[in-house]
Each structure stands twice: as structure tokens, then as C-alpha cells.
Amino acid sequence: MSMDRRQFLKIAGLSTIGIGAGWILSRPGEFLEASQFLQTKEFLKAKQWAMVVDMRKFKTEEDYKKVIDACHKIHNVPDFGNPKDEIKWIWSDTFEHAFPGQESEFMPEQMKHKPFVLLCNHCENPPCVRVCPTKATFKRKDGITMQDPHRCIGCRYCMAACPFGARSFNYRDPKPAIKEPNPEYPTRMIGVVEKCTFCEERLAKGQMPACVEASNGALAFGDISDPNSEVRKILNANYTIRRKAELGTRPSVYYILDIPTSVVSGGESNA
Amino acid sequence: MYDGGKILIGIIIFVLFVTFPFYNNAGKVSAKPEPKLDTPVIQQLAEKKCVEPKEFMKAEHMQLLDDWRDSAIREGKRVYINSEGKEFRISLQNTCMNCHSNKKEFCDKCHNYVAVKPYCWTCHIEPKEKQL
Amino acid sequence: MLEKALVGSKRYWTWIFFLLGVVGIGFITYLQQFKLGLGITGLSRDVSWGLYIGQFTFLVGVAASAVMLVIPYYLHDFKKFSKIVILGEFLAVSAVTMCILFIFVDMGQPMRIMNVMLHPTPNSVMFWDSVVLGGYLGLNIIIGWATLHADKKGTMPAAWVKPLIYLSIPWAVSIHTVTAFLYAGLPGRHFWLSAIMAARFLASAFAGGPALLIILALIVRKFTKFDPGKEAIQAIGKIVTYAMIANVFFLLLEIFTAAYSTIPGHTHPFKYLYFGLEGHARLVPLMWTSSILAIVSLVLLIFPAIRRNESMLALACISLFVSLWIDKGFGLIIGGFVPNMFEKVTEYWPTLPETIITISVWAVGFLVLTILYKVAVSVREETAGVELEH
């Protein structure tokens, strides 16, 4: 059989690729037979975790601070000292910024200035998950919009997609900016996105999220798909609003507004 | 051949360049790495066993850690049942480094020898070396 | 044929080494960014995409514009384009190379770029963008090389090239449609949430890309023995004119929707870009420059008597290209982030390192373009006078 140089090179190339691929694919997997991966026994189960923020219970600056600090301290959230590089998982802002478009010039002054507690809404239909090219952010079965910092390539598409500004990017190395690292939890690295994870590592130990625990009842947390959960009972008894609900992302963080007593005629407050 | 002189000089330079690591390190002897296991936590263990047998861990700890991190973060499963049925909490900082709290005398010994820089520590917090 | 890029005049080599110098400076600056993080750019928590992504978006358009030569020549037998289709295809290669580089320098963890391929995510537009851009790059390299090589040998290209050429036509449209989809499907950002984004992108691509091609053709004619042809250049000029009319029209449509509906989510970004918002007006001079240059280019292009004058045409193309570069390569991106999701204004301006890295990526693009054009022009010079069939 005679072949010319071109044919020979083509066949040689294809054979090399074939043999190489075959060798790689045929390497035996190195798994021990008996090992398994399980959830912790205390793992709190839910179909969709949700939170209700009762604004009536946030009164002093300390109320906000303790909730924010609880989260940022245990999760090693860095403080770079400037708004450009800022990383925040939970923070506060006023009504017109938390609910843009819903404010009115003539609403009660107290409501205008009172800060709201803001965090990732763990939407049921999250646009951030839809756009992530690597599934570094993904929806868990319990409804948490989770973040995998190992896989994140730092493209920041999720930050463009989030309508709520809930995500932060590590524009610098975070480690030097963490004052008192918590040795039981990792930090993140430069060049990845991070955000609130509804304290999934605490839920795995049977504990409530840190902000909920520190809030002294101001934050309620539970499974919104369970009609007997605390959050469902609260939602059934109180009027709540969500941020930008008209966008269809189905946020899971609900707010009970603190409506001033003097506004309601008849002297009955909504407290 | 055409430009034979230039080609030969180029080949000689290339060979010198590519064999540099060998003749540069000739004669230098690097001691075999001996990772130390004498941490307070290990000394207090009744049974001095790691998550899996030593030979397995030596060869496969990288794969194990990779499986662990996907299990914990992506699947929310933080319990590992090893080949002997014993339970471990999946956590680099709180399980592995709890026993092996001497990163410099343990992890770094082999990693430095083979010039490997695992990037775990860009995020995960190194244990504070406990005084013995 | 690549060896043709290794022989050249003193001027050629000076240009190559100048570009290499710029690339070198950029590379060192990028190493700084790799070490210290994207914090050395002007990006912030509120404005998380900036110059790099803007340049990427603009250059996808330039890459797609090759189709404006391919369609007339291969689908409609417009023989005047026979000699210059290759310039369009090679421009596409250079542009996509720059796109990929801009994405790379914008990533926080560029070493993990393979994750996009290792964990394919069909619901992510960005995944598809990487697929179509990679495919388009491959298509243009293969098609360009095969047809040029056939020209050199004086034969028809192999039979498998034709189907690839036909494939490249919808593929070119797809790369810019998918890039527009990056923006047009994000629920929170009303500046981008418009069905006409893809149409705008394509119109500005088919104006800006061929405009650059005209300038490059004139440069090639000036510095080499290859003349792309006055009629070919005029034909491209007509394409640029109609595409630019469409592009400006589409922009005015967007402005109408925003201004007439007066919905704040729609009006505020336009206000910020063209008039300033809450005292922040950094981009206003830039955006008005873009608008004025657009009008200037249209005036020069619409009147055939002016357009037929090649110096005027060159001026029009430069004006158009700069106008679109500002609008699509900068204004469009920043407008989506200002005001932020809390209706607050955080401004953005590129830093010096960011600018240096951007310029050096352009230098890489010009380097690729110079080398490929050198090859193409050398082949054309060799085969001058021979009828091309492909």
C-alpha cells in the first residue's frame, strides 16, 4: 500500500490523538469502595429558605450593627476602607434606595430616613444563576442561592445580572483587610465574587443564620414552602413587601414596614 | 545545509538552556522530606489514624480534598464516611488542620521539596502553630 | 505562507517592533494587575464592568463586519470584492483575538478560564458567547488561509471551504446577537433591557467594521503595491452609510422610548450620559463628542459627491469609527451601571494601568492584523493581474 506524505501525517496525527484520548479515558478511577458523603445529622432541611425582616424591631444603630457584624465577623468579610472595593454581605440603606421607585415625597419623614437591612434575596428565579457561565453560583435544593468560590472565574456577569446589588467582588487580596479572622471559616481569594449564603454552613449544624441569631427576633427565618413555619405564619398575619418584586425574580426576603402610629387614624398602630 | 553555522549555534544554545536545571543542581543533595506528626492533637489521639490510611493519603490527598470541597460546597454534604466506616467532618481548616496544625513541618515539607504551591491557602486560613 | 511576514521593509519592521514594545509594556502592567487585582482599575462594586468589557463588545462588532464583504461576494457574485474579502476575514481574526484578550484581562481568575468549557452551562449567554466567538475565530482563520493559499497557487479552494463560508454568514450575525444578549436579558438594568439591543449592535457593527476596513484598505494601497480597488472601496462606503443611518435611527428609537415614557429606570442612564445626574457628569463631554462625530460622518457619507472623494470618505470613516468606539466601547457599558441598583451614582473612569493594558491589547490586535495583511498583500502582489476564482 503506498501513501503520500500528507496521508501519512493525517493518519499519524489521528492515531496519536486517538491513543492519547483512549489512554486518558481508560485510567481507572481511584475511589475507595466504602467511602460515602452524607449530610450532617443536624442538617436543617427546607424547600425554600426565606427571611422576614421586621423593620419595627430595628430601632437603634446598635440593632443594625450587631446583625451586620455577626455576619461579617464569622465569615471573614474584609474591610478595605473605601467604597470602591467594598465587600458587604449584609448592610443597610434607606427606603428610596432599598425600594427605588416606591418612595414618595410626602411619605412620613421617619420612614424616609429609617435604614432597611439589605442582603441577597436568594430569589427563587435568580438571574445571577441564569447567567453564570460555570455554575459557580447555583441554586441548592433548599432554595439557597449558593456561591462556589473555587469555581468562580471572576467574570462578574452575576454582578451585572443581580437587580439588587447584593454581590461584591474581591478587587484586592482580602486577607490583609480582615482584622480578626475567624479560624473556623475560610476567606475568599482575590478575583472572585462573594455574597450572603444564608449561613448554609450553620444550617448544616442545625443553627440559625448568624444575623437571625443576633437580631433578637427582628429577623425571622424559615422554610416558606412549609405552611407551619414561623415565616409563613408571620407572612399570613402581616403585610410585607419585597424589593423589585415586579421583575419576577421571586425574592425570598420579605419586609414588614415600620409605619408610624400617628399616621394611622383611630390611634391603632400596626405594631 | 544552508545557514549551517547559525543552526548549529542555535541548537547548542537550546541544549544548554534545556539542560540548565540538571547541571545547575548537580552535586547538590536535597534531604528527603520528613513531615512531622508530633502535634498536640495527634499526640492525644488514642488511635493514630488519619481520615484514610497513610499510603492512600500520601498519593491521593489532593483528590480527596477536591472531592471534599465539591461535596461540602456544591452538595452541602459535610459528613465523610471513610473506608472503615468512621465519620469525619469535611473541613480542611477544622478537621485536617486540627490534627496537622503544624503546616510548616508537615504540609510544607513535601510541597517545598517537589516545588508545589497548592492554592488552598489563598482562601483557607492556616492554623496558628501551637507551641509544643 | 506565514514566511511572507518575515520579509519586509525597514518601515515594516519598525512598525512590528514598535507594536511589540507596546505589547511588552502592557504585559508588564498586566502582571501588576494579576498580582494586585482588578482594584488597580477604575472598577468598583457598583460599576463592575468598564473599559475592558466595553472594548470587547465593540470589537465583536468589528469582527462580525466581515460578513458585509462575504455576503455580496459569495452570495451575490459581486466580483468587485474578490480581492478584498480576505482583508475582511483577516480583520475578523484580529478583532476576535482582541476580544478574547480583553475578556482574559478582565477576569478575576483568568487561570480558571477552562471552567467555562469544563462545566458548560447552556442557560448562560456568556457560555454561548465563548462558543460562538471561538468558532468564528476558527472559521475565519481556516477560510482566510484556505482561500488565500488557493489564490497563491492559482487554483480553486478545496470543496470543503464553500460550506464553511456559507456557515460563516449566519455565524457572524450570531456572534454579535449573542453578545447583545449578554446585556438585553438582565432584568434589573433598564438601559440595556431592550429588544433592539441586538439590532443596534448589528447596525453599529456593520457601520464601524467596514469603516475600519476602508481606512485599512486605503493604508494598504498607500504602503503596498496592492490596490483593493476604488470601486470596491466605494461599495463598502455605501454599506457603511446605510448601516450608520440604521444605527443612529435605532439609538434615536431608544431615546424616544426613554424620553416619552419618562420612566426613571429608562431616563436616568441617558440623563447621566448626556446631561449628568445629581451633579455627576464625567461622561457628558465624551458622549456629545460621539454624537457630533456621528452627525459629521453621516453628513460626509450621505451625499454621494462627498463620499466619492476618497479623502472625505476616509475622514467620514475615522469620524464614524471614533464615534462608535466611544458609544459602544464605553458609554453603553457605563450607562448600564449608572445609576446603580439603588438609584445612586458611582462614577467610573479608567485608571492609567487599565488604559495601558487596553492600548497594549489593541497593539496585539494590530500586530496580528499587520502579519496577516502582510501575508495577504504579498500573495496579491505575486498574483497581480491574475483573475481570481473562489
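Residues numbered from 1 in each chain as written. Chains lettered and ligands numbered in written order. Predicted model: local features only at pLDDT ≥ 70, side-chain atom pairs only at ≥ 80, totals over all residues. Heavy atoms only, no water.

Next up on the list: the overall build of chain B. Within chain B one finds seven helices and two strands. Reading chain B from its N end, one meets helices and strands in the order α-α-α-α-β-β-α-α-α. At 22 Å, chain B has a C-alpha radius of gyration far larger than the 14 Å of a compact globule built from 132 residues. Based on the C-alpha atoms only, the size of chain B along its principal axes is roughly 70 × 35 × 25 Å. The contacts of chain B with a sequence gap of at least 6 include a subset with a gap of at least 24, amounting to 61%. Between the averaged position of the 20 positive side-chain charges in chain B and that of its 17 negative side-chain charges there is a distance of 5 Å. (Helix = DSSP H or I, 4+ residues; strand = E, 2+ residues; numbered from the N terminus. Rg over C-alpha atoms; globule rule 2.2 N^0.38 Å. Contact = heavy atoms within 4.5 Å. Lys, Arg positive; Asp, Glu negative; His and termini not counted. Charge placed at Lys NZ, Arg CZ, Asp CG, Glu CD.)

Spatial strand order, β1(A)-β1(B)-β2(B): three strands in an open sheet with antiparallel pairing. Unpaired on one side and paired on the other, β1 (36-38) of chain A together with β2 (87-89) of chain B mark the two borders of the sheet. In this sheet, adjacent strand axes meet at a mean angle of 30° when their direction is disregarded. Pairing of strand β1 (residues 79-81) of chain B with β2(B), which is carried by three bridges, proceeds in the antiparallel orientation. Each residue of the ladder has a partner; that of B:I81, found in β2(B), is B:E87. (Pairing = 2+ DSSP bridges. Axes fitted to C-alpha atoms, helices over the stretch in contact; angles between N-to-C directions.)

The subject of this paragraph is the interface of chain C and chain A. If you look at the interface, chain C gives 40 residues, while chain A gives 50 residues. Across the interface of chain C and chain A, roughly 3,500 Å² is buried in total on both sides, 54% from carbon and sulfur atoms. Looking only at chain C, the three residues that lose the most surface to chain A are C:R45, C:R112 and C:F342, adding up to 23% of its buried area. At the boundary of chain C with chain A, the tally comes to two salt bridges. Measuring nitrogen to oxygen at the nearest pair gives 2.6 Å for the salt bridge that ties C:D106 to A:R156. Linking chain C to chain A there are 32 residue pairs in polar contact (both at pLDDT 80 or more). Listing elements by their share of the side of chain C that touches chain A, those giving two or more residues are α1 (10-36), α5 (115-118), α6 (125-153) and α7 (161-184) of chain C. Here the side of chain C that touches chain A gets three residues from one element, more than from any other, and that element is α6(C). Residue composition of the side of chain C that touches chain A, by class: 18 nonpolar, 15 polar and seven charged. (Buried area = accessible area lost by both parts, 1.4 Å probe. Salt bridge = Lys/Arg side-chain N within 4 Å of Asp/Glu carboxyl O. Polar contact = N/O pair within 3.5 Å; in protein donor to acceptor, adjacent residues only side chain to side chain. Nonpolar A, V, L, I, M, F, W, Y, C, P; charged D, E, K, R; others polar.)

Glancing now at the interface of chain A and chain B. At the junction of the two partners, chain A supplies 36 residues and chain B supplies 29 residues. Here chain A is connected to chain B by three salt bridges. A salt bridge links B:E87 to A:K41; the nearest nitrogen and oxygen atoms lie 3.2 Å apart. Our count for the chain A to chain B interface comes out at 14 residue pairs in polar contact (both at pLDDT 80 or more). Put simply, the parts of the chain that give the side of chain A that touches chain B at least two residues each are β1, β6 (145-147) and α7 (200-203) of chain A.

An ideal rise of 1.5 Å per residue puts 27 Å on 19 residues; helix α11 (residues 284-302) of chain C measures up with 27 Å between its terminal C-alpha atoms. Within the span of α11(C), buried status applies to C:V284, C:M287, C:S290, C:S291, C:A294, C:S297, C:L298, C:L300 and C:L301. (Expected span 1.5 Å × (residues − 1). Buried < 20%, exposed > 50% of the residue type's maximum accessible area, 1.4 Å probe, protein only.)

We now examine the state of the cysteines. Residues and elements named next belong to chain A. Under the counting rule described, the total for this entry stands at zero disulfides over all chains. For C120, which is in no disulfide, the shortest distance to another cysteine sulfur is to C196 and amounts to 5.6 Å. In this structure C120 comes out as buried when scored by relative accessible area, which is 7%. (Disulfide = S-S within 2.5 Å.)

Tracing the sequence through the fold places C:S319 in helix α13 (residues 310-337). Separated by 163 residues in sequence, C:S319 and C:M156 have C-alpha atoms that sit 39 Å apart.

A few words now on the nonpolar core. Among the nonpolar cores identified, the biggest contains 153 residues, and C:W49, C:F81, C:Y183 and C:Y373 are the most heavily contacted of them. No other element matches the 16 residues that helix α8 (residues 197-223) of chain C contributes to this core. Residues in contact with C:Y373, not counting those within four places in the same chain, are C:L87, C:F90, C:L91, C:L213, C:L216 and C:V220. Membership of the second largest hydrophobic core comes to 49 residues, among which are A:Y64, A:V67, A:C211 and A:L257. (Core = buried A, V, L, I, M, F, W, Y, C linked by side-chain atoms within 4.5 Å.)

That's the geometry; what it means functionally is another story.
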